[in-house]
Amino acid sequence: MNRLVFLGAAAAALATPLSAQQLRIVTSTTDLHSIAHAVGGNRITAMSIAAGYQDPHFVQAKPSFALQLAKADVFAFVGLDLEIGWMPTLLDAARNARINPGGRGSVDVSRVIPVLDVNPTADRSQGDVHPRGNPHYWLHPENGKRIARLFRDKFAELDPQGVRGYNANTARFEARIDSAVKALAPQLAAIRNQPVVAYHTSWRYFQDFTGMNIVGFVEPKPGVPPSPSHLAGLIQHMKRTGAKVVIMEPFYDRKMPDFVARNVGGNVLVLPSSVEGVRGIDDYLELIDYNVRHLAEALR
Amino acid sequence: MRILVVVAILFGVPIAAQQPDTTARRDSVARADSIARADSLRIVRELERIRGEARPVQPVGAMTPTRAVQPGAPSLNPNISVIGDFIVDASPDGSTLESARRFDVREIELALGASVDPYFRGDFILGLSDEEGIAIEEAYLTTLALPWQLQARVGRFHLPVGKQNTTHRAELHTIEYPHVIQRFLGAEGGKGTGLALSKIFAPFRFYQELQLTAIERFPEEHGHAHEEEELGEEHFEGAAAEPPNKTLAGLGYTARFRNYWDLDEATNVELSFSGGTGRVAEPFGCETFSGIEPCPGPSGETAVLARRSLVAADLTLRWRPLREGLYRSFIVQAEVMRQHKDQPALPSGVPASAVYLGPTEETNGLYVFSRWQLSRRVFVGTRYDWLEATGDAERDLTAISGYLQMFPSEFSKIVLGYEHLRPDVGERVNRLLAQMTIAIGPHRPHPF
């Protein structure tokens, strides 16, 4: 009899619909994690593999991440080969068919993004290029909305009972973005057409959003450290174009950017390219707000 | 697909004409054509607008901005990579490489990999070298959809015995495998052909993995140079009465138990234990006045199956602060291995003067390796090797080596190495080596 009770309880537990549990979401970056939380609310649990203050190209494929992925219902990643140096190793180690490419829980977020800088003929003589496009798209708020809609649809597919909540959360998130962007209008106006130099190609979409004019890069080619001759040319170019601000991510060495900025009488602005990239930036809207306000301030 | 449809409509492919033709249908087709043409014109205008959009000032440096609406269609072709491994031996007393060359293309690896279907992934790595011609380095199918965090692999693969043996030689932090791995598992690492099964679990809230393999045979020991010379004509391989794989007990088996802890976000430790066993044919012979001669047993056999076993433990500590991870990291790694060889009973019916000629000793060996990152592209490393003396060896083998690694990019590596080797027989050797490794093809995942 006891055995029957036990079997009955086990069967009931197995039969519990997925929607009664929280969806387990793993994202490759903190930005996707933040948006997933905004959409999923308390119907999901989420964790990010990359920290906001590390270079998402170079994440150690630690076995502890594989354990998280092994239990995940959804793995959402930036795509466009941003995570190609570590994601295949982790997916292989996780043995979770749900999140393998083609699985219901595998979400390549770049699918819903109008991608910039696609260059199918690129080769590695051009540096660490992404032939399928620039992957730093989350830095445009319109893409933040697209990501939220994608998450809404995916979460609703896997947890139909949560549809109303996901719809409402997504609408609220989009409204917050619109409102934040509206509030940033004066800063955006101050940034528009202003020349700046960036360390890496991470700011391409942010450029589209703000209208800033990236006139050069500290890296001569993506992923390639600068040579003295490149920096000398960059300094001359900055003088010609009037660029005074060098923007860079927190995980790069600032010796070279400082050198360049010193030589043009400008300054280096460390901007987080991801949520939690600097202390106090804990969600996606704070990231956009922080970057716009600090850039406008630096360009003043 | 959409473009094809648009083109078809624009060029007036009469798809609808194949249907029964009525006035109403003709009207509806005309309306559809009109809508489709309008849609196609809108798409064409949109593409023209996108292509013709004015660009900002041409930036100097890292990118050439272009614009597209969606990434390209994924390809169903397998990933194809080629890894070239080039060696220069500048040692003062001549080449110390197995090939005896000063300049050597040690190996070219051609790697192909792709998902076969939703259930399997296929990986094929061919090794090309002057010595071996074309060899199947690895070729295996990996399951993608087994339940309970299980994964199976069928084919030929690097054996999960010890830590560094699971890494391809070209991807090592050093130019060659540690001496203990070269001796016990082979200069190119130990591989096996068979079946592997592994499972990950975390009952104690940290990562654990059990890896089991059953293989055709356990890798042969890599002989000492002096053994070949000293045994001379006495050395013969012999043939056993039956092949080792006739029974399941004759196959090779390995097991590895991995334990992994994150100490903090920058530091982690891995401690693993592994072992392997298998039976190999070892010769026996009879002592005569002229030396040792083959003396076949009742079935004509001149060898007997002897068991060779290996146990190992490895410890790896990694430190890489996330914020400065592009520029600073440290790794220290140690492995200890112990090899045991049984002395089997000789078959009944062989002459009384018959003696077992295979090795019987127990041998220990270890290495300790560390590597420090100096800058984004430059690392320095050092390794200490020790191998216990066996057989006719005069002393233990010891070696100390230092390495300077430079990574022009993720896809190329230059290593300069110096090794002071005190072999188990003969004079001390100073080795000066340089290695260049390049990879072309898709981005290779970084080994962990």
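Residues numbered from 1 in each chain as written. Chains lettered and ligands numbered in written order. Predicted model: local features only at pLDDT ≥ 70, side-chain atom pairs only at ≥ 80, totals over all residues. Heavy atoms only, no water.

Trainee: Can you break down the interface of chain A and chain B residue by residue, with the values?
Mentor: The partner chain B presents 53 residues to the 61 residues of chain A that form the contact. At the junction of chain A and chain B, the tally comes to three salt bridges. Note that B:Glu209 and A:Arg95 form a salt bridge whose closest N and O atoms lie 2.9 Å from each other. Of the residues assigned to the side of chain A that touches chain B, the class counts are 31 nonpolar, 16 polar and 14 charged. (Contact = heavy atoms within 4.5 Å. Salt bridge = Lys/Arg side-chain N within 4 Å of Asp/Glu carboxyl O. Nonpolar A, V, L, I, M, F, W, Y, C, P; charged D, E, K, R; others polar.)

Trainee: Tell me about unusual backbone geometry, and please be specific about residues and values.
Mentor: Phi is positive for A:Asp81, which is not a glycine, with a value near 70 degrees. If you trace the backbone, A:Asp81 turns up in the loop between strand E3 (74-77) and helix H4 (87-94). Taking the relative accessible area as the measure of exposure, A:Asp81 reaches 27% and is therefore partly exposed. Of note, the phi angle at B:Arg205 is positive, near 70 degrees, even though the residue is not glycine. Position of B:Arg205 relative to the elements: it lies in the loop between strand E6 (191-201) and strand E7 (207-215). (Helix = DSSP H or I, 4+ residues; strand = E, 2+ residues; numbered from the N terminus. Buried < 20%, exposed > 50% of the residue type's maximum accessible area, 1.4 Å probe, protein only.)

Trainee: Talk me through helix H11 (residues 284-299) of chain A; I want residue IDs and the actual numbers.
Mentor: All names here are of chain A. Helix length check: H11 (16 residues) gives 23 Å between terminal C-alpha atoms against 22 Å at 1.5 Å per residue, within 8%. What H11 keeps buried is the set Tyr 284, Leu 285, Leu 287, Ile 288, Tyr 290, Asn 291, Val 292, Leu 295, Ala 296 and Leu 299. Of the residues that open H11, the one with a side-chain oxygen 3.1 Å from the backbone nitrogen of Leu 285 is Asp 283. (Expected span 1.5 Å × (residues − 1). Polar contact = N/O pair within 3.5 Å; in protein donor to acceptor, adjacent residues only side chain to side chain.)

Trainee: Tell me about the state of the cysteines, and please be specific about residues and values.
Mentor: All names here are of chain B. Scanning the entire structure with this criterion turns up one disulfide over all chains. The disulfide partner of Cys 286 is Cys 295, and the gap between their sulfur atoms is 2.0 Å. Residues Cys 286 and Cys 295 share a disulfide whose torsion about the S-S bond is about 85 degrees; that sign makes it right-handed. One exposure class covers both Cys 286 and Cys 295, and it is buried. (Disulfide = S-S within 2.5 Å.)

Trainee: Report on the packing of helix H9 (residues 228-241) of chain A against helix H10 (residues 255-264) of chain A, specifying residues and quantitative values.
Mentor: Residue and element names in this part refer to chain A. The contact between H9 and H10 brings their axes to 10 Å, and the two run at 40 degrees. If you check the angle between H9 and H10, you find them oblique. Between H9 and H10 lies a crossing whose hand is right-handed. From H9, Leu 231, Leu 234, Ile 235, Met 238 and Lys 239 reach across to H10, where they touch Met 256, Phe 259, Val 260, Asn 263 and Val 264. Tallied by class, the residues present in the contact of H9 with H10 amount to eight nonpolar, one polar and one charged. (Axes fitted to C-alpha atoms, helices over the stretch in contact; angles between N-to-C directions. Parallel < 35°, antiparallel > 145°, perpendicular 65-115°, else oblique. Left-handed = near helix turned anticlockwise from the far one by under 90°.)

Trainee: An account of the sheet that holds strand E4 (residues 106-108) of chain A is needed here, citing residue identities and associated values.
Mentor: All names here are of chain A. The four strands are arranged E2-E1-E3-E4 in an open sheet whose pairing can be described as parallel. Edge positions in the sheet fall to strand E2 (44-48) and E4, since each has one partner strand and no second. The sheet shows a mean angle of 20 degrees between the axes of neighbouring strands, taken without regard to direction. In the sheet, E3 pairs with E4 via three bridges, with the strands oriented parallel. Bridge pairing in E4 links Phe 75 to Ser 106. Against the sheet, helix H5 (residues 141-158) contacts strand E1 (23-27), E2, E3 and E4, and its axis sits at roughly 165 degrees relative to E4. (Pairing = 2+ DSSP bridges.)

Trainee: Describe the side chain of A:Asn96, listing the residues and the values that go with them.
Mentor: All names here are of chain A. Residue placement: Asn 96 occurs in the loop between H4 and E4. Polar contacts involving the side chain of Asn 96 include one to the main-chain amide nitrogen of Arg 98, which spans 3.0 Å. Not counting residues within four places of it along the chain, the set of residues in contact with Asn 96 comprises Leu 69, Ala 70, Lys 71 and Ala 72.

Trainee: Account for the pairing of strand E7 (residues 245-248) of chain A, naming residues and giving values.
Mentor: Both faces of the sheet carry side chains from a regular strand, because those side chains alternate between them. Residues and elements named next belong to chain A. The alternating pattern of E7 places Val 245 and Ile 247 and Val 246 and Met 248 on opposite faces, both of which are buried. Where strand E5 (residues 195-198) and E7 come together, two bridges link them in parallel fashion. In the strand pairing of E7, Val 197 is matched with Val 246. Taken together, the four bridges between E7 and strand E8 (residues 267-270) define a ladder with parallel strand orientation.

Trainee: Tell me about the pattern of salt bridges, and please be specific about residues and values.
Mentor: Applying the stated rule across the entire model yields 37 salt bridges over all chains. A salt bridge links A:Asp117 to A:Arg204, with the shortest nitrogen-to-oxygen separation between them at 2.9 Å. Taken together, the residues A:Asp117 in the loop between E4 and H5 and A:Arg204 in helix H8 (residues 204-210) connect sequence positions 87 residues apart. Residue A:Arg204 is classed as buried on the basis of its relative accessible area, which comes to 7%. Across the salt bridge formed by B:Arg383 and B:Asp385, the nearest N and O atoms sit 2.8 Å from each other. Residue B:Arg383 shares its accessibility class with B:Asp385, and that shared class is buried. Each member of the salt-bridge network shares a partner with another, and the members are A:Arg95, B:Lys163, B:Glu209, B:Arg256, B:Arg258, B:Glu270 and B:Asp314.

Trainee: Account for the packing of helix H2 (residues 30-40) of chain A against H5(A), with residues named and values stated.
Mentor: Residues and elements named next belong to chain A. With their axes 9 Å apart at the nearest point, H2 and H5 run at an angle of 55 degrees to one another. What the angle tells us is that H2 and H5 run oblique. The hand of the H2/H5 crossing is right-handed. Here Leu 32, Ile 35, Ala 36, Val 39 and Gly 40 of H2 lie close against H5, whose contacting residues are Gly 144, Ile 147, Ala 148, Phe 151, Arg 152 and Phe 155. Considering only residue class, the contact of H2 with H5 consists of eight nonpolar, two polar and one charged.

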